[in-house]
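Residue-level listing of the chains:
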Amino acid sequence: MSCGLGFVYFLTTDSLFIGSLMSILAWWVSALVLLKIMSILLVEKSNQKKMMLIYALLPSSIIMTSITLREPYQLLLVNLGVFAALKIYWNKSLMHWLTMFFSVYFMPFLHGGLLVFGLFILISTLILLARRRYASGFNKIKLVFLAPIFFLIVIMGGEAFINSSINYGDLREGLAVGIESYQKGGIQANFNSSASYRDTIKIKNNFDLILFIPTSLFQYLFEPMPWRAGRPQDIALLLENLLRAYLIWKGWTGLRRASGKMKNAMLFIFI
């Protein structure tokens, strides 16, 4: 991102306005991609309009994607990856493998954690294709044989990332130690921030890491809790979290009603 932004600044001028304008452009393209995703999933036009209204007016979206940050570009690559996966599965589009590899390749450059997400998209696409090709014989027994391959690819990808990274030195001591160090660094950096809702981190081994993941995910999605919402800003975040919980519930109920090819696609989206 920094190289691309530097090139644009070289052609124009190093203006925060131009940087913000580029972020808004990336958000706009990602919105168009989201519309195409909803069209593939046969979402009704009325629901598409509601979804785009939420997408455009969500406070965190406005704050994080309208200034010179990497988030709008991450969002664009995530949407492109999901869109490519659906086109490959739904329309057997070979050309969209290029879009897939483009998005997955550049994701880690914006955020190291997106490497895992990119691997998930690639492996999930292969599983979706296998389910479509062998729909009559793709049962739980075959899934048991595919699961080790899935984890092997993830582990190999993670190891390659750790061994080649110069910015994540703590990971060389193990994933648990690396995550604990990163989280503690975040707590220390936000020590005086009223938007920080976590004050202690203890991840000494893989068992602690397994317990930490669901707790951290819940806090990431839904903090602040109602009993912690004491400021006007907290109330706004609380309302957004309630909306997020409602959307997750609607996605789950829609998934339960779906069937066949549509259910496979919706399960991929939901995960």
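Keep in mind that what you see is a predicted model, and the values were worked out from it rather than measured. Residue indices follow the written sequence of each chain, beginning from 1 at its first position. Predicted model: local features are reported for residues with pLDDT of at least 70 only, side-chain atom pairs are reported and counted for 80 or more only, and whole-chain, interface and lining totals are derived from all residues. Note: side-chain values were computed over all heavy atoms of the structure, leaving out hydrogens and water.

1. Remarks on the packing of helix α2 (residues 16-40) against helix α3 (residues 45-57)
Line of reasoning, step 1. Axes here refer to lines fitted to C-alpha atoms; in helices the fit is confined to the stretch in contact. Angles between the N-to-C directions go from 0 to 180 degrees. Helix and strand labels come from DSSP, where a helix needs a run of H or I of at least four residues and a strand needs a run of E of at least two; each type is numbered from the N terminus. At a closest axis distance of 11 Å, the pairing of α2 and α3 adopts a crossing angle of 155°. In terms of axis orientation, α2 runs roughly antiparallel to α3. Note on packing geometry: the crossing formed by α2 with α3 is right-handed. Residues Trp 27, Ser 30, Ala 31, Leu 34, Leu 35, Met 38 and Ser 39 of α2 pack against Gln 48, Met 51, Met 52, Tyr 55 and Ala 56 of α3.
Line of reasoning, step 2. In terms of residue class, the contact of α2 with α3 is built from nine nonpolar, three polar and no charged. Put simply, angles under 35 degrees are roughly parallel, angles over 145 are roughly antiparallel, angles from 65 to 115 are roughly perpendicular, and the rest are oblique. The hand of a helix crossing depends on one turn: near helix anticlockwise from the far one by less than a right angle means left-handed, and clockwise means right-handed. The contact definition used throughout considers only heavy atoms, calling two residues in contact when any of these lie within 4.5 Å. For this scheme, ten residues count as nonpolar: Ala, Val, Leu, Ile, Met, Phe, Trp, Tyr, Cys and Pro. Four count as charged, namely Asp, Glu, Lys and Arg, and the remainder, Gly too, count as polar.

2. Regarding the packing of aromatic side chains
For any pair of aromatic rings, the description rests on two quantities: the centre-to-centre distance and the angle between the ring planes.
Line of reasoning, step 1. Each Phe, Tyr or Trp ring, with Trp reduced to its six-membered ring, pairs with another whose centre is within 6.5 Å; inter-plane angles below 30 degrees give stacked pairs, above 60 give edge-to-face pairs, and intermediate values give tilted ones. Counted under the stated rule, the structure contains twelve aromatic pairs.
Line of reasoning, step 2. Taking 4.9 Å as the distance between ring centres and 55° as the angle between the ring planes, the aromatic pair formed by Phe 102 and Phe 106 counts as tilted. A residue pair is termed a helical-turn pair when its members lie 3 or 4 positions apart in one helix, as Phe 102 and Phe 106 do in helix α6 (residues 96-110) at four residues.
Line of reasoning, step 3. When accessible area is computed with a 1.4 Å probe and restricted to protein chains, residues below 20% of their type maximum are described as buried, those above 50% as exposed, and intermediate ones as partly exposed. Judged by relative accessible area, Phe 102 falls into the partly exposed class, the value being 42%.
Line of reasoning, step 4. The class for Phe 106 is partly exposed, based on a relative accessible area of 36%.
Line of reasoning, step 5. Ring geometry for Tyr 105 and Phe 106: centres 5.1 Å apart, planes at 90°, overall edge-to-face.
Line of reasoning, step 6. You can call Tyr 105 exposed: its relative accessible area is 52%.
Line of reasoning, step 7. Taken together, the aromatic side chains of Phe 102, Tyr 105, Phe 106 and Phe 109 make up a single cluster linked through ring pairs.
Line of reasoning, step 8. Over the face of the ring belonging to Tyr 89 we find Lys 261, whose NZ or CZ atom lies 5.8 Å from the ring centre. Cation placement over rings: the criterion is NZ of Lys or CZ of Arg within 6 Å of the ring centroid and within 35° of the ring normal.

3. So, unusual backbone geometry
Line of reasoning, step 1. With omega at 5°, the peptide bond leading from Glu 223 into Pro 224 counts as cis.
Line of reasoning, step 2. By secondary structure assignment, the location of Pro 224 is in the loop between α10 (206-222) and α11 (232-257).
Line of reasoning, step 3. Phi is positive for Leu 42, close to 60°, though the residue is something other than glycine.
Line of reasoning, step 4. Relative to the helices and strands, Leu 42 is located in the loop between α2 and α3.
Line of reasoning, step 5. Given a relative accessible area of 62%, Leu 42 falls into the exposed group.
Line of reasoning, step 6. Of note, Lys 92 is a non-glycine position whose phi angle comes to about 55°, a positive value.
Line of reasoning, step 7. Examined against the element boundaries, Lys 92 turns out to sit in the loop between α5 (71-91) and α6.
Line of reasoning, step 8. Taking relative accessible area as the criterion, Lys 92 reaches 60% and is therefore assigned exposed.

4. Things to note about a nonpolar patch on the surface
Line of reasoning, step 1. Patch membership is restricted to residues that have no salt bridge and whose relative accessible area is over 30%. Joining uses 9 Å for like charges and 5 Å for the nonpolar side chains Val, Leu, Ile, Met, Phe, Trp and Tyr. The accessible surface values rely on the Shrake-Rupley method and a 1.4 Å probe; as for residues, cover is taken only from the protein chains in view. By salt bridge we mean one thing: a side-chain nitrogen of Lys or Arg within 4 Å of a carboxyl oxygen of Asp or Glu. Together, Leu 53, Leu 57, Ile 62, Ile 63 and Met 64 give the surface a local cluster of nonpolar side chains, amounting to about 470 Å² of exposed area.
Line of reasoning, step 2. Listing elements by their share of the nonpolar patch, those giving two or more residues are α3 and α4 (59-65).
Line of reasoning, step 3. The greatest single-element share of the nonpolar patch, amounting to three residues, is contributed by α4.
Line of reasoning, step 4. When you line up the elements, Ile 63 lands in helix α4.
Line of reasoning, step 5. According to the relative accessible area criterion, Ile 63 is exposed, its value standing at 54%.

5. Side note on the packing of α5 against helix α7 (residues 114-133)
Line of reasoning, step 1. Contact geometry of α5 with α7 gives a least axis separation of 9 Å together with a crossing angle of 10°. In terms of orientation, α5 and α7 fall into the roughly parallel class. Judged by residue contacts, Gln 74, Val 78, Gly 81, Val 82, Ala 85, Ile 88 and Tyr 89 of α5 engage Leu 114, Phe 117, Ile 121, Thr 125, Leu 128, Leu 129 and Arg 132 from α7.
Line of reasoning, step 2. Grouping the amino acids of the contact of α5 with α7 by side-chain chemistry returns ten nonpolar, three polar and one charged.

6. Regarding the nonpolar core
Line of reasoning, step 1. Membership of the largest hydrophobic core comes to 31 residues, with the highest contact counts inside it found for Ile 37, Leu 86, Met 100, Ile 121 and Phe 268.
Line of reasoning, step 2. The element contributing the most residues to this core is α5, with eleven residues.
Line of reasoning, step 3. Not counting the four nearest positions on each side in its chain, Ile 37 is found in contact with Asn 79, Val 82, Phe 83, Leu 86 and Ile 269.
Line of reasoning, step 4. We call a set of buried residues a nonpolar core when its members are Ala, Val, Leu, Ile, Met, Phe, Trp, Tyr or Cys and they connect through side-chain atoms within 4.5 Å of each other. By size, the runner-up hydrophobic cluster in this structure holds six residues, among which are Ala 31, Met 38, Met 52 and Tyr 55.

7. Things to note about the confidence of the model for the chain
Line of reasoning, step 1. Each residue carries a pLDDT value, the predictor's own confidence for that position, ranging from 0 to 100. Mean pLDDT over the chain: 78, with 72% of residues reaching 70 or higher.
Line of reasoning, step 2. Of all the helices and strands in the chain, helix α8 (residues 140-164) carries the lowest mean pLDDT, 57, while α5 carries the highest, 92.

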